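Each chain, written out:
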Amino acid sequence: MILADKLILLRKKSGMSQEELAEKMNVSRQAVSKWEGAQSIPDLDKILQLSELYGVTTDYLLKDSVEAEEFVGKDAPESVRKVTLEEANEYLALRKTASVRIAFATFLCVLAVIPLIIMGGASELPEPPFSENFAGGVGTIIMLVIAAAAVGIFVFTRAQSEKYDFLEKEPFETEYGVTGVVKERQKEFRGKYVKFNVIGTCLCVLSPAALFAAAIKDNDFFSVVMLGVMLLVAGVGVTFLTIAGVRNAAMDKLLKTGEFSEERKAEKKKKSRIKGTISTIYWMIVTAAYLLWLFLDKNINSLSWVIFPVAGVLFPAVLGIISLAERKPQDKDKL
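An account of the accompanying structure is given in this report.

What counts and what doesn't
Residues numbered from 1 in each chain as written. Predicted model: local features only at pLDDT ≥ 70, side-chain atom pairs only at ≥ 80, totals over all residues. Heavy atoms only, no water. Helix = DSSP H or I, 4+ residues; strand = E, 2+ residues; numbered from the N terminus. Buried < 20%, exposed > 50% of the residue type's maximum accessible area, 1.4 Å probe, protein only. Contact = heavy atoms within 4.5 Å. Areas by Shrake-Rupley, 256 points an atom, 1.4 Å probe, with all protein chains shown as cover. Patch = residues over 30% accessible without salt bridge, like charges linked within 9 Å, V, L, I, M, F, W, Y side chains within 5 Å. Salt bridge = Lys/Arg side-chain N within 4 Å of Asp/Glu carboxyl O. Lys, Arg positive; Asp, Glu negative; His and termini not counted. Charge placed at Lys NZ, Arg CZ, Asp CG, Glu CD. Expected span 1.5 Å × (residues − 1). Arc of directions from axis to C-beta. Core = buried A, V, L, I, M, F, W, Y, C linked by side-chain atoms within 4.5 Å. 1 Å grid on protein atoms, 1.4 Å probe; cavity = no way out; pocket = protein on both sides within 12 Å on 5 of 7 lines; lining within 4 Å. Points joined across faces, edges and corners; volume = space filled by probe spheres on them.

**Quick notes on the overall build of the chain**
Then, number 1: Secondary structure summary: the chain contains 15 helices and 2 strands in total.
Then, number 2: Residues classed as buried in the chain amount to 33% of the 335 residues present.
Then, number 3: Partitioning the contacts of the chain with sequence separation of at least 6, the portion at a separation of at least 24 is 69%.
Then, number 4: Of the roughly 19900 Å² that the chain leaves accessible, carbon and sulfur atoms contribute 63%.

Following this line, the structure appears as structure tokens:
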């Protein structure tokens, strides 16, 4: 068997098209076509690269007398799971639905604290409609019910896409044609992705304006209401960002690009430790501030709850700053 026939056989076994192989080898598709058509022979560097890519020996590639595949090492490489076009379409459809559910559940998490804040503020009015204990009790119940609904949505959504966990946990390859289809769908989604990110970012940035508006009117209850408005606007912004992010991440995962490239996966393992440490410190400081408020204000009222929702809104910004600080110099140049 000549080299050209072996290259065709190995490429088809790996589920790659000529375009995909050309991209991995950093050559043109025409060059790959000439190799497989016995019109030209790859140079030594490319032979070594092909040997590493397919996991076979150079002797197998170069010697026509060697018919059986000779794998590098004693054992043949483990079989890699193949993602079919049908599976890819099903996965993307699941994640499209999941993006809306996850966004809604996230919005509920933000929304959950608003009734507690508003009722707490109302209980401090000169003529309160209900007592402080009633406000705290009912507000907490409403918060827990909404939070429970959000958790239920998260769990249900997670269970539906559980069969595709291998995309993150195991090595996989896509069958012929899958990469092209996913790239085309990502290209079509690009406009909506940018639009949703712009809307979501603008809403999150503008949300604190409600607190500045509260300063115009010297009224404690109005300030509490404006805090609720701030959370509501931020929640809507996060909803747009979540929908765009989940859908785009699903396509990146199948293409092994962006945050799901092999290089980024290795980086994320290191960075996750740093983020975990900083997150722990952040919430310890927030809790300490809340306890200090309780200690200093002997007549503490429901406004002490302001600390946690505000900290929750600011937390994504803290993570964003960490991510920006961790970027490589070449990544910063792309911004």
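**Comments concerning a positive patch on the surface**
Then, number 1: A cluster of basic residues, K96, R185, K192 and K195, forms a positive patch at the surface.
Then, number 2: Looking at the positive patch, the element that brings in the most residues is helix α10 (residues 178-206), giving 3 residues.
Then, number 3: Its place among the elements puts K192 in helix α10.
Then, number 4: Overall, the relative accessible area of 42% leaves K192 in the partly exposed class.

**Looking at helix α1 (residues 3-14)**
Then, number 1: With 12 residues, α1 ought to run about 16 Å at 1.5 Å a step, and its terminal C-alpha atoms sit 16 Å apart, in line with that.
Then, number 2: Within α1 the residues assigned to the buried category are L3, A4, K6, L7, L10, R11 and S14. Summarising the axial view, the buried residues of α1 lie within an arc of 160°, below the 170-degree limit, and thus occupy one face. Residues of α1 that are exposed and angled more than 90 degrees away from the buried face: K12 and K13.
Then, number 3: Turning to α1, the residues buried within the fold contact α2 (18-25), α3 (29-36), α4 (44-54), α5 (58-62) and β1 (81-83).
Then, number 4: Once α1 ends, the next one or two residues include G15, with phi positive near 75°.

**With respect to the nonpolar core**
Then, number 1: L21, L50, Y54 and L61 are the most contacted members of the largest nonpolar core, which totals 16 residues.
Then, number 2: Counting residues per element, the ones that place at least two in this core are α1, α2, α3, α4 and α5.
Then, number 3: With sequence-adjacent residues up to four places away left out, Y54 is seen in contact with L7, L10, R11, S14, M16 and L21.

**Side note on empty space enclosed by the protein**
Then, number 1: Per the counting criterion, the structure on display carries 1 cavity of 30 Å³ or more.
Then, number 2: Computed from the structure, the largest cavity encloses a volume of approximately 40 Å³.
Then, number 3: As for the largest cavity, its lining consists of L94, R95, T97, A98, R101, T157, Q160 and S161.
Then, number 4: Per element, the largest residue contribution to the lining of the largest cavity is 5 residues, and it comes from helix α6 (residues 85-111).

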